[in-house]
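Structural features, examined
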Amino acid sequence: MTASSTFGLSSEARNLHWLLTNLVEEVPGLLSVAVVSSDGLLLISSDPGRNAEARTAPVDRPTGPKGSAADLATVVSGIGSLTLGAAKLMDGGGVKQTMVAMDEGSLFVMSISDGSLLGVHGSPDCDMSVVAYHMALFVGRAGHVLTPELRSELRKSLETESTGSAR
């Protein structure tokens, strides 16, 4: 996150950026982090440059490594939807978190509020309990701040960022 990415944002948006930056810097082994709205739109990520690149690149051209924040947002949205459907089918109540352990890394998805999700792609050597703990801290701090107004502001700032980089 750069200082320019928070220029002109409200204090709530700057605080959310700060929380995300702190999560990325404090937890070893995080490759990419994204906050996704309930309708699947990326709100904020650990890699804003990749998001703009992914939005402006031609469809037939790869846009960076797998695991970039834009890719992560898509996966997080899909997993969130799938687990929500499974929980309803099984009368399991709300989904709090989902973890996918893979040979070459881990994927964590945690509910924030109003259907918003926090997604983290971790390296193969990340400590899953440390990642889950810090994600829970993030969710606890960000959940009450992530209002509809803030989500709208974050979406607009991503749109502005992507149109600014397309020039």
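Above this text is the structure in question.
Along each chain, the written sequence defines residue order, and numbers are assigned to residues from 1. Only residues with pLDDT of 70 or above have their local features reported here, since the model is predicted, and side-chain atom pairs are shown and tallied only from 80 upward, although totals for entire chains, interfaces and linings are computed over all residues. Each side-chain value is derived from all of the structure's non-hydrogen atoms; neither hydrogens nor water enter the calculation.

1. A few points about the pattern of salt bridges
Selection rule: Put simply, a salt bridge is a Lys or Arg side-chain nitrogen that is within 4 Å of an Asp or Glu carboxyl oxygen. Labels follow the DSSP assignment, with helices taken as runs of H or I lasting at least four residues and strands as runs of E lasting at least two, numbered in each case from the N terminus. Relative accessibility thresholds used throughout: buried, under 20% of the residue-type maximum; exposed, over 50%; partly exposed, between the two (1.4 Å probe, protein chains only).
Applying the stated rule across the entire model yields one salt bridge. A salt bridge links Asp-39 to Arg-155, with the shortest nitrogen-to-oxygen separation between them at 3.0 Å. Placement of Asp-39 in the loop between strand 1 (30-36) and strand 2 (42-45) and of Arg-155 in helix 5 (residues 148-165) is noted, with a sequence separation of 116 residues between them. By relative accessible area, Arg-155 is classed as partly exposed at 25%.

2. Observations regarding helix 1 (residues 11-26)
How we decide: Multiply 1.5 Å by the residue count of a helix minus one, and that product is the helix's expected span.
End to end, helix 1 covers 22 Å across 16 residues, agreeing with the expected 22 Å (1.5 Å per residue, within 8%). Taken together, the buried positions of helix 1 are Ala-13, Leu-16, His-17, Leu-19, Leu-20, Thr-21 and Leu-23.

3. Topic: the environment of Leu-154
Note the cut-off: Residue contacts follow a heavy-atom distance rule, with two residues in contact if any of their heavy atoms lie within 4.5 Å.
One can find Leu-154 in helix 5. Given a relative accessible area of 0%, Leu-154 falls into the buried group. Sequence separation between Leu-154 and Ser-10 is 144 residues, and the spatial gap between their C-alpha atoms is 9.7 Å. Discounting residues that sit within four places of it in the chain, Leu-154 has contacts with Ala-13, Leu-16, His-17, Leu-43 and Leu-146.

4. Thoughts on the packing of helix 1 against helix 4 (residues 128-142)
Stated formally: Fitted lines through C-alpha atoms serve as axes, helices being fitted only where they are in contact, and the angles separating the N-to-C directions of these axes extend from 0 to 180 degrees. Orientation is classified from the angle alone, with under 35 degrees giving roughly parallel, over 145 giving roughly antiparallel, 65 to 115 giving roughly perpendicular, and any other angle giving oblique. Each residue gets one label: Ala, Val, Leu, Ile, Met, Phe, Trp, Tyr, Cys and Pro are nonpolar, Asp, Glu, Lys and Arg are charged, and the others, such as Gly, are polar.
Relative orientation of the contacting elements helix 1 and helix 4 amounts to 175 degrees, with a least axis distance of 10 Å. As judged from the angle between their axes, helix 1 and helix 4 are roughly antiparallel. Between helix 1 and helix 4, the residues in contact are Leu-16, Leu-19, Leu-20 and Leu-23 and His-134, Met-135, Phe-138, Arg-141 and Ala-142, respectively. Looking at the contact of helix 1 with helix 4 residue by residue, the class counts come to seven nonpolar, one polar and one charged.

5. What about unusual backbone geometry?
The phi dihedral of Asp-91 is positive, around 50 degrees, even though this residue is not glycine. Summarising the element assignment, Asp-91 is placed in the loop between helix 3 (69-89) and strand 3 (97-102). The class of Asp-91 is exposed, set by a relative accessible area of 72%.

6. With respect to helix 4
Since the α-helix advances by 3.6 residues per turn, residues separated by three or four positions end up pointing in the same direction. To keep things clear, this is the line we draw: The directions considered for the arc are those from the helix axis to the C-beta atoms.
Given a rise of 1.5 Å per residue, 15 residues ought to cover 21 Å, and the 21 Å separating the end C-alpha atoms of helix 4 matches this to within 8%. Every buried residue of helix 4 is listed here: Val-131, Ala-132, Met-135, Phe-138, Val-139 and Ala-142. Looking down the long axis of helix 4, one finds its buried residues gathered within 120 degrees of arc, a one-sided arrangement. For helix 4, the exposed residues lying more than 90 degrees away from the buried face are Ser-129 and Gly-140. On the buried face of helix 4, the contacting elements are helix 1, strand 1, strand 4 (105-111) and strand 5 (117-122).

7. Digging into the pairing of strand 4
To keep it simple, the criterion reads: Strand pairing is defined by DSSP finding a minimum of two bridges between the two strands.
Of all seven residues in strand 4, six are buried, a share of seventy percent or more. One ladder, built from six bridges, connects strand 3 with strand 4; its direction is antiparallel. Looking at the pairing, Gln-97 lines up with Met-110 of strand 4. Counting the residues that bridge the hairpin from strand 4 to strand 5 gives five residues, and of these Asp-114 lies at a positive phi of roughly 50 degrees.

Just geometry here; none of it tells us what the structure is for.
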